[in-house]
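Below are the chains, spelled out letter by letter.
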Amino acid sequence: MTPQHPAERTVPVERLRLGDHACMGPGDREGAGESPWKVFTAYTRTSLARGEKVLLVMDPDDLSDDEVVSLLDRGSGQAAAARDSGQLSVRRNTEIYLPDGRFQERRTIDTYASEVDRACDEGWAGLRVTADMSWAPRAGLGHDRLLDYEASVAPLFADPLFTAICWYDRQRFDDELTSRVGKVHPLRVMERLDSLEVTGTPDGGRMAGTAELSTRSEFVEALREALEHRDDSGPSHFVLDLRDLCFMEAHCAWQLISLAASLPAGSEVTVRCGELLGLVLEQLGADEVPQLLVRVEGEEDEGDAG
């Protein structure tokens, strides 16, 4: 498992909470098509279900408002109904960031603060934003100024009524900027719903995303490699953080239990997870494995396990 800097924590979009400031960009230049819209759809549906207002700030040269709603709707009727009720709004990034053709940091922050106030006045639980940042190269904004702006918006998130994903499409931004962008955002959103992020921590490892059929081999191999490495010098203690795992199939859960059981006596694998995953591990016999300690930590709106 590769160590990861805390400021670049990557999470599945379902784990974003009010008060989070995240960035996202397709993992490669060929991945800029449908994948981001699957993430935006999950983000939007989660927000609507929680009674929050959703604001999509899109590029004027891309999809029309109706096309945006259709992509989010996917035949469910939810996004269309939300737009009709005022819970879902689509605006253009030039309108938000460049209303007179110029970018002014303070004006933009005030605009978003006003949108939060409006959402609350309308009775919504908060405001969630997806902002296409392609306005910046259009305006000729330098990298340093853009990053300074991203760092300056922190006060917006101090009162947890506002959540934002800043979308940096790598077809429009170079690798140098997208790398630096990750360092000024507390969170980075995973770019696919059916993916697994595996990283190392000082006392073990962390997994985020989903452990299912499409990621099963990756999950088991990463887990086996980490535990076998710890086993080289005899009994050891390993902490596995699964709090950002939104889904775990029973096969992966069983593999986790089996690998822990194979460790030498005196070893301990502490699994930090949510209530649903903790219940699955318990039902599969985790309590009968002395080397495995499941520590359930409260998390609202848990992901699934099954």
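- The name that an unreviewed UniProt entry assigns to the chain is MEDS domain-containing protein, with the source organism given as Streptomyces akebiae.

1. Quick look at the overall build of the chain
And step 1. On a plain count of helices and strands, the chain comes out with 11 helices and 13 strands.
And step 2. Evaluated residue by residue, the chain yields a buried proportion of 48% over its 306 residues.
And step 3. Partitioning the contacts of the chain with sequence separation of at least 6, the portion at a separation of at least 24 is 78%.
And step 4. Accessible area of the chain: about 13700 Å², with a carbon and sulfur share of 48%.

2. A few points about the environment of Ala 261
And step 1. Counting through the fold element by element, Ala 261 comes out in helix α10 (residues 250-261).
And step 2. Sequence separation between Ala 261 and Ala 286 is 25 residues; the distance between their C-alpha atoms is 9.0 Å.
And step 3. The contacts of Ala 261, once residues within four sequence positions are left out, are Val 289 and Gln 291.

3. A look at empty space enclosed by the protein
And step 1. According to the stated counting rule, one finds 5 cavities of 30 Å³ or more in the structure shown.
And step 2. Roughly 90 Å³ of internal volume is contained in the largest cavity.
And step 3. Lining the largest cavity are 14 residues, and of these Tyr 97, Tyr 112, Tyr 149, Ala 164 and Cys 166 lie nearest its centre.
And step 4. Counting residues per element, the ones that place at least two in the lining of the largest cavity are β5 (127-132), α7 (143-152) and β6 (162-167).
And step 5. Examining the composition of the lining of the largest cavity, we find that 3 residues originate from one element, β6, more than from any other.
And step 6. Here the lining of the largest cavity is composed, by residue class, of 12 nonpolar, 1 polar and 1 charged.

4. Description of the state of the cysteines
And step 1. Taken as a whole and assessed by the stated rule, the structure comprises 0 disulfides.
And step 2. Of all cysteine sulfurs, the one in Cys 166 lies closest to Cys 23, which takes part in no disulfide; the gap is 7.6 Å.

5. As for unusual backbone geometry
And step 1. One non-glycine residue with positive phi stands out, namely Arg 74, at about 50 degrees.
And step 2. As for its placement among the helices and strands, Arg 74 is situated in the loop between α2 (65-73) and α3 (78-85).

6. Some words on the pairing of strand β12 (residues 292-296)
And step 1. As paired elements, strand β11 (residues 268-273) and β12 share 5 bridges and run parallel to each other. Each residue of the ladder has a partner; that of Val 269, found in β12, is Leu 292.
And step 2. Once the chain exits β11 it traverses helix α11 (residues 275-283) before rejoining the sheet at β12, and the crossover so formed is right-handed.

7. Overview of the packing of aromatic side chains
And step 1. Under the defined criterion, the tally for this structure stands at 10 aromatic pairs.
And step 2. Seen in terms of ring centroids, Phe 40 and Trp 167 are 5.2 Å apart; in terms of plane orientation they differ by 80 degrees. Their pairing is edge-to-face. A residue pair is termed long-range when its members are at least 10 positions apart, and Phe 40 in helix α1 (residues 34-49) and Trp 167 in strand β6 qualify at 127 residues.
And step 3. A relative accessible area of 6% means that Trp 167 is categorised as buried.
And step 4. Where Tyr 112 meets Phe 162, the ring centres are 5.7 Å apart and the plane angle is 40 degrees; that geometry is what we call tilted. With Tyr 112 in helix α5 (residues 105-121) and Phe 162 in strand β6, the pair connects residues that are 50 residues apart, well separated along the chain.
And step 5. Here the aromatic cluster, defined as three or more aromatic residues joined through ring pairs, consists of Tyr 97, Phe 103, Tyr 112, Trp 135, Tyr 149, Phe 157 and Phe 162.

8. Things to note about the sheet that holds strand β3 (residues 53-58)
And step 1. A sheet is described by the order of its strands in space; here 7 strands give the open sequence β1-β7-β2-β6-β5-β3-β4, paired in parallel fashion. Every other strand in the sheet has two partners, leaving β1 (9-11) and β4 (88-92) as the edge strands with one partner each. With direction set aside, neighbouring strand axes in the sheet form an average angle of 25 degrees.
And step 2. Pairing analysis gives 2 bridges linking strand β2 (residues 21-24) to strand β7 (residues 187-189), with the strands arranged parallel.

9. Considering the pattern of salt bridges
And step 1. Scanning all chains against the criterion turns up 27 salt bridges.
And step 2. Taking the shortest distance from any N to any O, the salt bridge between Arg 9 and Asp 244 comes out at 2.5 Å. Pair noted here: Arg 9 is in strand β1 and Asp 244 is in strand β10 (residues 237-248), with a separation of 235 residues, a long-range link.
And step 3. On the basis of relative accessible area, Asp 244 is assigned to the buried category, the value being 6%.
And step 4. Arg 145 is paired through a salt bridge with Glu 105; the nearest N and O atoms lie 2.9 Å apart. A residue pair is termed long-range when its members are at least 10 positions apart, and Arg 145 in helix α7 and Glu 105 in helix α5 qualify at 40 residues.

What counts, and where the lines are drawn
Residues numbered from 1 in each chain as written. Predicted model: local features only at pLDDT ≥ 70, side-chain atom pairs only at ≥ 80, totals over all residues. Heavy atoms only, no water. Helix = DSSP H or I, 4+ residues; strand = E, 2+ residues; numbered from the N terminus. Buried < 20%, exposed > 50% of the residue type's maximum accessible area, 1.4 Å probe, protein only. Contact = heavy atoms within 4.5 Å. Areas by Shrake-Rupley, 256 points an atom, 1.4 Å probe, with all protein chains shown as cover. 1 Å grid on protein atoms, 1.4 Å probe; cavity = no way out; pocket = protein on both sides within 12 Å on 5 of 7 lines; lining within 4 Å. Points joined across faces, edges and corners; volume = space filled by probe spheres on them. Nonpolar A, V, L, I, M, F, W, Y, C, P; charged D, E, K, R; others polar. Disulfide = S-S within 2.5 Å. Pairing = 2+ DSSP bridges. Right-handed = clockwise from strand over helix to strand, strands pointing away. Phe/Tyr/Trp six-rings, centres within 6.5 Å; stacked < 30°, edge-to-face > 60°. Axes fitted to C-alpha atoms, helices over the stretch in contact; angles between N-to-C directions. Salt bridge = Lys/Arg side-chain N within 4 Å of Asp/Glu carboxyl O.

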